[in-house]
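Below are the chains, spelled out letter by letter.
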Amino acid sequence: MAFIKSENLVKEYKINVKKKGLLGAINSLLIPEYKIKKAVDNISFSIEKGEMVGFIGPNGAGKSTTVKMLTGILVPSSGEISIGGLSPYKNRKAVASKIGVVFGQRTQLWWDLPVIDTFDLLKFIYKIPDKEYKKNLDMFSELLEIHKFMNQPVRQLSLGQRMRADIAASMLHNPEMVFFDEPTIGLDVVAKERIREFIKYINAEKGTTMLFTTHDMQDIEKTCNRMIIIDNGTIIYDGSIHEIKHRFGNYRIVEVEFQKEYKNLSFAGVKLINSDGNRKKFKVDQTLMQVTNLINELTQKYEVQDITIQEPEIEQIIRDIYQGGICLDKNVC
Amino acid sequence: MKLLNNTFDTIRLFARFTKLNLKITLEYKLDRTLTFFAIFCRESVNVLVIYFILKKFISIKGWEMNEMLFLYSFLFLSYSLFVAFFTGIREFDSVIYSGEFDRLLIRPVGLLTQIICARMDHCAFLGHGAVGLILFIKTSTSVGIQWTPTNILYYIVTLVGAAIIQASLFMLSSCFNFWAIRTTNLRNMIFFNSRRFAGYPISFYPALIQNLLIYVTPFAFVSYFPAQYFLRKPELSLFWDGFLYMTPIVGVAMFALVYMLWKNGLKHYSSSGTSMY
Ligand SMILES: Nc1ncnc2c1ncn2[C@@H]1O[C@H](COP(=O)(O)OP(=O)(O)OP(=O)(O)O)[C@@H](O)[C@H]1O
Ligand SMILES: [Mg+2]
């Protein structure tokens, strides 16, 4: 059975519409007017134990809202959630002891106290046995190098250090499932890489189920097999990264430098997307034209100096999807 | 047995949090010391003003100065006790807007327990506590009270009840935060003005205010009736005798009601779009 199951999940926010001016203020106090914002609109998915799922979507898509419902912070407007067979808001405490949560934008640590004090408190709150606590602490210290700033107050930490401490804090009690909401936000390349490595390691080592949101496709590509894309509160893609690349990245960019300037170059299944004197950039649809055939034709018929071939980047594909350039649901288009 | 265990856990958790909160307070020693003195001075001045105004009279409506100050000490001591446990409720709007509440929701501990543990305003606790204690020490022996075991027990239980009454009032206002309605100013106006009235025997006031202080913001059970239990002024015939013993009952009943409302409001909690820090 799936570890997480979400069925027809909906979350509506009631937004108080404030009217302008003094009269408006009095008016909205007496007769409050609400606007309903559907942040999550009928989402269903399930996640198996040990899976690592990337949860992406443009700003305001409803990622954080979904994570907050899954973690028991928000009560869904309708729909069902089950985490290990329990409902996160009806059995809040029971679910809380099974999960860990990291909010990249907001620390869980005690601002004015050294990191280790928060850890000790968490040990107490989650009733973590001494041995397990020490083992995890040693492991996290080694992998995330927390020991270097363990005794510093959190307010003095850099963002990267704070994030590492936050991640460790969320895993001290060996949760079966960890939710990350933008764990790499604002971090440099090296810090991001270290966090990815850590997440991957824990997932492999302990079989921890993980779901994380991010805006960095590298995060997803390097850690997850599965990806859920959400836009406007609905799921528009749920599948492997490999598949999305295969389905929507079935083209290559071929950049050619000719020895002289040719005009009116045209091949079947090939689009000229950039022309700069002798340099031309083609987009090759692989369903219509093999790159090798194109190269043969080019080198036989024209004087070619140099050729480079590029695979499409996942970022580009995702950008296309967000902007509506790629339609995922064939039935609708 | 399970209940006992839970209670024990809660106490230990409270001790842990208290230690950490104390550590933070000590980190900002100077700032907190100054705040403490500011509160202590403000409250002392309030008392002194009353003292100097009323000094001219030997007694008002049969109340002597020491007796009035004894009554006043209930307000301070119960507020101090309230702050010791319910700072998180008093500052609930900031608990929500800072995102701290999200964090409480993902911990496997009861919410009320966490709110009670999470914050403590040491300055107000000590400031009000000190003024209350000074008044209590000055007056408790001179107004002719026999400190029998029964009376001591009454005193303690009533003081706790009085703190819970105030906690209920603050908790009621905190319910509105779930709908993102801020009531802090309105609450402070109602709370602190009621409290000001309750600094004097309620028999000084017209019936309307008396009734407000008994049935609406029941501060009469925080100062007047507890003081009357000990002093037994003849004017007691104005009110039902049972009121003398009602403080803990009023406290617990109010709290139970407000807590139910609070639990219900929780369903409407909508977190915040982004972080505050
Ligand atoms: N507390 C709230 N009250 C009202 N509306 C909200 C609240 N939180 C979020 N929203 C709205 O719900 C929608 C989804 O927000 P959400 O934070 O879930 O998006 P997100 O996918 O996490 O975006 P981002 O990538 O920017 O973090 C947005 O339109 C947002 O304005
Ligand atoms: Mg978000």
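An unreviewed UniProt entry lists chain A under the name ATP-binding cassette domain-containing protein, with Acetivibrio mesophilus given as the organism.

**Examining the side chain of Asn-136 of chain A**
All names here are of chain A. With respect to the helices and strands, Asn-136 occurs in helix α5 (residues 130-144). One polar contact links Asn-136 to Asn-174, side chain to side chain, over a distance of 2.9 Å. Apart from the residues within four sequence positions on either side, Asn-136 is in contact with Met-171, Leu-172, Asn-174 and Lys-206.

**Structural notes on the sheet that holds strand β4 (residues 78-83) of chain A**
Residue and element names in this part refer to chain A. The strand order across the open sheet formed by three strands is β2-β1-β4, and the pairing between neighbours is antiparallel. Where the open sheet ends on each side, the last strands, each with one partner, are β2 (34-47) and β4. For this sheet the average axis-to-axis angle between neighbouring strands, irrespective of direction, equals 30°. With five bridges joining them, strand β1 (residues 4-16) and β4 adopt antiparallel strand pairing. The residue of β4 that forms the bridge with Ile-4 is Ile-83. Where helix α2 (residues 63-70) meets the sheet, it contacts β1, β2 and β4, and its direction lies at approximately 65° from that of β2.

**Focus on the sheet that holds strand β8 (residues 226-231) of chain A**
Consider a sheet: its strands pair through backbone hydrogen bonds, and that pairing is either parallel or antiparallel. Residues and elements named next belong to chain A. As summarised here, the arrangement of the six strands in space is β5-β6-β7-β3-β8-β9, forming an open sheet in which the pairing is mixed. A strand with exactly one partner marks an edge of an open sheet, and here the two such strands are β5 (99-103) and β9 (234-240). Strand after strand, the sheet turns through a mean of 15° between neighbouring axes, direction not considered. In this sheet, β9 lies alongside β8 in antiparallel orientation, the contact comprising six bridges. Across the sheet, residue Met-227 finds its bridge partner in β9, namely Gly-239. Along the sheet face, α2 touches β3 (52-56), β5, β6 (177-181), β7 (209-213) and β8 and points at about 150° away from the line of β7. Against the sheet, helix α6 (residues 159-171) makes contact with β5, β6 and β7, and its axis sits at roughly 165° relative to β5, the strand it touches most.

What counts and what doesn't
- Residues numbered from 1 in each chain as written.
- Chains lettered and ligands numbered in written order.
- Predicted model: local features only at pLDDT ≥ 70, side-chain atom pairs only at ≥ 80, totals over all residues.
- Heavy atoms only, no water.
- Helix = DSSP H or I, 4+ residues; strand = E, 2+ residues; numbered from the N terminus.
- Polar contact = N/O pair within 3.5 Å; in protein donor to acceptor, adjacent residues only side chain to side chain.
- Contact = heavy atoms within 4.5 Å.
- Pairing = 2+ DSSP bridges.
- Axes fitted to C-alpha atoms, helices over the stretch in contact; angles between N-to-C directions.

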